Amino acid sequence: MRPTTLELLEQLDHVLETQIVPRLPDEHAKARMNVASQIIRAVHNRVRLQGEVLAGDNADLVALLAQLAGRPDPGGEPAYVSIDSLAERNDVLKAELVTAINGLDDLPETERARSDEAVNAYLRRQLDRELELTALPVFGDAPADLPLV
């Protein structure tokens, strides 16, 4: 899925720094916006690292709990799969889908109709997943719920 969360955060930070902060009327407003930029950078860092850190911590906890219980370390904690690697795989699969769609016209009518139906069902599910990611409200019921710094 593009843009990724990291790409969105990077773009947001860039827009704040290059287009909004320079146009703010006073130093107080600029200082408040700098706090917002710092929060965006902290979220960016957390998104980038959180999965790997949690996977490492879970493996560490499993080993510790096994040791405390006098059992051997069961290992086997699932390996962390990064968002970047999932996104790269998604890009490859979507390129393969485009190739497959381009070949649908060469199929017999009944097979093409079934394939069209399957592709349309996938696109509906994909749209539903995208809508989940973009549905508002994100924080509370209204932007007014967000605390001012």
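Colleague: Which residues make up the overall build of the protein chain, and what values go with them?
Modeller: What the protein chain contains, in helices and strands, is 4 helices and 0 strands. Helices and strands appear in the protein chain in the N-to-C order α-α-α-α. The C-alpha atoms of the protein chain give 23 Å as radius of gyration, which overshoots the globular expectation for 149 residues (15 Å, by more than 25%). With the C-alpha coordinates aligned to their principal axes, the bounding extent of the protein chain is approximately 70 × 60 × 30 Å. Residues classed as buried in the protein chain amount to 11% of the 149 residues present. Once local pairs closer than 6 in sequence are excluded, the contacts in the protein chain between residues at least 24 apart make up 49%.

Colleague: Break down the packing of helix α1 (residues 5-20) against helix α2 (residues 27-68) for me, with residues and values.
Modeller: Close contact between α1 and α2 brings their axes to 10 Å; oriented N to C, the two are set at 160°. Here α1 lies roughly antiparallel to α2, going by the angle between them. Where α1 crosses over α2, the two elements pack in a sense that is left-handed. Contacts between α1 and α2 involve Thr 5, Leu 6, Leu 9, Glu 10, Leu 12, Asp 13, Leu 16, Glu 17 and Ile 20 from the first element and Met 33, Asn 34, Ser 37, Ile 40, Arg 41, Val 43, His 44, Val 47 and Arg 48 from the second.

Colleague: Which residues make up the side chain of Ser 37, and what values do they have?
Modeller: Within the fold, Ser 37 resides in helix α2. At 2.9 Å, the side chain of Ser 37 and the side chain of Glu 17 are in polar contact. Those residues in contact with Ser 37 that lie beyond four places of it in its chain are Asp 13, Leu 16 and Glu 17.

Colleague: Pulling in residues and values, what's your account of the nonpolar core?
Modeller: Across soluble globular proteins, nonpolar side chains show a tendency to be buried alongside one another. In this structure, Leu 9, Leu 16, Val 21, Leu 24, Met 33 and Ile 40 together form the largest nonpolar core, which totals 6 residues. The set of elements that each furnish at least two residues to this core consists of α1 and α2. For Met 33, the residues in contact, after removing those within four places along its chain, are Leu 16, Ile 20, Val 21 and Leu 24.

Colleague: Could you give an account of a nonpolar patch on the surface, naming the residues involved and the relevant values?
Modeller: On the surface, Leu 61, Leu 64, Leu 65 and Leu 68 cluster together to form a nonpolar patch covering roughly 390 Å² of accessible area. With respect to the secondary-structure elements, Leu 65 resides in helix α2.

Colleague: Run through the packing of helix α3 (residues 83-102) against helix α4 (residues 109-134), naming residues and quoting values.
Modeller: Running from amino to carboxyl end, α3 crosses α4 at an angle of 150°, the nearest separation of the two axes being 12 Å. Taken together, the axes of α3 and α4 lie roughly antiparallel to each other. The two elements α3 and α4 cross, and the hand of that crossing is left-handed. Note on element contacts: α4 touches α3 through Val 119, Tyr 122 and Gln 126, opposite Lys 94, Leu 97 and Ile 101. Class assignment for the residues of the contact of α3 with α4 results in 4 nonpolar, 1 polar and 1 charged.

Cut-offs used in this document
Residues numbered from 1 in each chain as written. Predicted model: local features only at pLDDT ≥ 70, side-chain atom pairs only at ≥ 80, totals over all residues. Heavy atoms only, no water. Helix = DSSP H or I, 4+ residues; strand = E, 2+ residues; numbered from the N terminus. Rg over C-alpha atoms; globule rule 2.2 N^0.38 Å. Buried < 20%, exposed > 50% of the residue type's maximum accessible area, 1.4 Å probe, protein only. Contact = heavy atoms within 4.5 Å. Axes fitted to C-alpha atoms, helices over the stretch in contact; angles between N-to-C directions. Parallel < 35°, antiparallel > 145°, perpendicular 65-115°, else oblique. Left-handed = near helix turned anticlockwise from the far one by under 90°. Polar contact = N/O pair within 3.5 Å; in protein donor to acceptor, adjacent residues only side chain to side chain. Core = buried A, V, L, I, M, F, W, Y, C linked by side-chain atoms within 4.5 Å. Patch = residues over 30% accessible without salt bridge, like charges linked within 9 Å, V, L, I, M, F, W, Y side chains within 5 Å. Areas by Shrake-Rupley, 256 points an atom, 1.4 Å probe, with all protein chains shown as cover. Salt bridge = Lys/Arg side-chain N within 4 Å of Asp/Glu carboxyl O. Nonpolar A, V, L, I, M, F, W, Y, C, P; charged D, E, K, R; others polar.

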